[in-house]
Amino acid sequence: MSNNLYCTTDKLSDIICDNYSLLQVMSRFGLPLGFADNTVEEWCEANQVHGETFLAVVNFVAHPKEASTDLAGISVPALMDYLKQSHHYFLDFQLPNIRRKLIEAIDCSTENEVAYLILKYFDSFVNEVRKHMDYEDMDVFQYVNSLLEGRKNPDYSISMFARDHDQVDAKLAELKNIIIKFYPPRGNGYVMNAVLFDIFTCEQELASHGQVEDRLFVPAVYQLEKRLDATKVCEVKKPLVEEPEEDTEMTGSQLSQREKEVICCVVKGMSNKEIAEELFISIHTVITHRRNIARKLQIHSSTLLTIYAIVNKLVDISEVKLNL
Ligand SMILES: [Fe+2]
Ligand SMILES: [Fe+2]
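Residues numbered from 1 in each chain as written. Chains lettered and ligands numbered in written order. Predicted model: local features only at pLDDT ≥ 70, side-chain atom pairs only at ≥ 80, totals over all residues. Heavy atoms only, no water.

S.K.: Honestly, the packing of aromatic side chains in this entry has me stumped. Any pointers?
M.R.: Aromatic rings considered in pairs are described by the distance between their centres and by the relative angle of their planes. If you walk through the whole model with that rule in mind, you get eight aromatic pairs. Taken together through their ring pairs, the aromatic side chains of Phe 29, Phe 54 and Tyr 82 make up a single cluster. If you follow Arg 28 out to its NZ or CZ, it ends over the ring of Phe 90, 5.4 Å from the centre. Sitting over the face of the ring of Tyr 121, Lys 171 holds its NZ or CZ atom 5.4 Å from the ring centroid. (Phe/Tyr/Trp six-rings, centres within 6.5 Å; stacked < 30°, edge-to-face > 60°. Lys NZ or Arg CZ within 6 Å of the ring centre and 35° of its normal.)

Listed below in structure tokens is the structure:
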């Protein structure tokens, strides 16, 4: 490990022993435990995780000041999946877990107005976090998915999101300070300390999550917007020779060899950009192929397309990235 930053040839076990909080990043990327002596590269490949994106986030979370914000190797879909999983972790695991412990620590069994107010404050904080993350899941990620498919909403841009993007950890810091400074000792101090440790961790993780969004996700999407704009200009000037024609038959058409290749790439979890690079075609061509495939097969879900590819022996199940 040079300059404190981790690299693809580092053993995962060394990284985790160095900084155990990175276990959270691993699980949000879908990397399981049991990595033995595998390096980052080997374990990511074995689990069909985009290694460069994983490493970029790991370095950013572990060493935000030193980590490079070079976006060259980052996959936007992989980064977006990571952020979605993080939202799921905060909303469905960590915050409910803190609430349970808080109820135990502040003794809600008796009439206790302070306990009631603390809980009320915590619940309003959780509502705020939920609203923030729902907006990202439903609106921002949908917008980025459209970009990945080669479509851009003219009324929106990632800089609009960046401009209004709040940090949600501040309210939690206030709650933590109120408890530390003013809450009179009652009941079991160990339980209160345990919930405070969790609040400290959550505050740190929320701050780090916001920074990954601001410094990795937003610039990566911005680049995507720029590339899409450039592709459009290029396509207007010079139509691509290899452009496939729209197939207007609804069903029963035979898939072309190229369409089969596109299916294989899709079910392996590749983005449109990655497919374009793999097959040496433009993103626009990939999208047209995908539209023709959907029309011919009458399949619009990637899960069903995966089933189709396995049943028709286009891919082996071991190559498939399951997003169930
Ligand atoms: Fe987020
Ligand atoms: Fe956010």
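Structure shown, so let's carry the discussion forward.
S.K.: Sorry if this is basic, but what is going on with the environment of Val 212 here?
M.R.: One can find Val 212 in helix α9 (residues 189-237). Here the alpha-carbon distance between Val 212 and Val 57, two residues 155 residues apart in the chain, equals 7.3 Å. Beyond its immediate stretch of four places on either side in the chain, Val 212 contacts Phe 60, Val 61, Leu 79, Tyr 82, Leu 83 and Phe 217. (Helix = DSSP H or I, 4+ residues; strand = E, 2+ residues; numbered from the N terminus. Contact = heavy atoms within 4.5 Å.)

S.K.: Would you mind going over the coordination of the iron ion (ligand 2) with me for this structure?
M.R.: Bound to the iron ion (ligand 2) on the protein side are His 132 (NE2), Glu 136 (OE), His 165 (NE2) and Glu 213 (OE), at distances that span 2.0 to 2.2 Å. Classification of the site at the iron ion (ligand 2) as irregular follows from its four donor atoms and the range of 82 to 172° in their angles at the metal. Each donor residue of the iron ion (ligand 2) lies on one chain, and together they are spaced H-x3-E-x28-H-x47-E. Between the iron ion (ligand 2) and the iron ion (ligand 1), the interatomic distance is 3.2 Å, and Glu 136 donates to each metal, bridging them. Remark: Glu 136 and His 132 occur in helix α6 (residues 113-148); sequence separation between them is four residues, near one turn of the helix. Just as His 132 is buried, Glu 136 falls in that class too. (Donors = N, O, S within 2.8 Å, 3.2 Å for Na, K, Ca; no water. Tetrahedral: all angles 85-135°; square planar, octahedral: opposite > 155°, others 65-115°. Buried < 20%, exposed > 50% of the residue type's maximum accessible area, 1.4 Å probe, protein only.)

S.K.: Teacher, can you tell me more about the packing of helix α5 (residues 76-105) against α6 here?
M.R.: Relative orientation and spacing of two packed helices are given, respectively, by the angle between their axes and the distance between those axes. Contact pair α5 / α6: the axes reach a minimum separation of 11 Å and the direction vectors enclose 170°. With respect to each other, α5 and α6 are oriented roughly antiparallel. Both α5 and α6 take part in a crossing whose hand is left-handed. The residue inventory of the contact of α5 with α6, partitioned by class, reads 20 nonpolar, two polar and six charged. (Axes fitted to C-alpha atoms, helices over the stretch in contact; angles between N-to-C directions. Parallel < 35°, antiparallel > 145°, perpendicular 65-115°, else oblique. Left-handed = near helix turned anticlockwise from the far one by under 90°. Nonpolar A, V, L, I, M, F, W, Y, C, P; charged D, E, K, R; others polar.)

S.K.: Can you walk me through the pattern of salt bridges in this structure?
M.R.: Evaluation of the coordinates by the stated rule reveals ten salt bridges. For the salt bridge of Arg 99 with Asp 123, the shortest nitrogen-to-oxygen distance reads 2.7 Å. Here Asp 123 lies in helix α6 and Arg 99 lies in helix α5, a separation of 24 residues in the sequence. As a salt-bridge pair, Asp 164 and Arg 163 come within 3.5 Å of each other at their nearest N and O atoms. When its relative accessible area of 62% is taken as the criterion, Arg 163 is described as exposed. (Salt bridge = Lys/Arg side-chain N within 4 Å of Asp/Glu carboxyl O.)

S.K.: Sorry, what's going on with empty space enclosed by the protein here?
M.R.: Where empty space is left in the structure can be found by rolling a water-sized probe over the atoms. Considering all chains together, one arrives at two cavities of 30 Å³ or more under this definition. Estimates place the volume of the largest cavity at around 70 Å³. Around the largest cavity, the lining residues are Leu 147, Leu 148, Leu 224, Arg 227, Leu 228, Thr 231, Asn 272, Lys 273 and Ile 283. Elements that contribute at least two residues to the lining of the largest cavity include exactly α6, α9 and α11 (272-279). At four residues, α9 tops the list of elements feeding residues into the lining of the largest cavity. Looking at the lining of the largest cavity residue by residue, the classes come out as five nonpolar, two polar and two charged. Of the residues that make up the lining of the largest cavity, three or more belong to each of domain 2 (76-235) and domain 3 (257-319). By volume, the second largest cavity amounts to about 40 Å³. For the second largest cavity, the full set of lining residues is His 132, Met 133, His 165, Asp 166, Gln 167, Val 168, Leu 206, His 209, Gly 210 and Glu 213. (1 Å grid on protein atoms, 1.4 Å probe; cavity = no way out; pocket = protein on both sides within 12 Å on 5 of 7 lines; lining within 4 Å. Points joined across faces, edges and corners; volume = space filled by probe spheres on them. Domains from an automatic or database assignment.)

Keep in mind that these numbers describe shape and distance, not what the molecule does.
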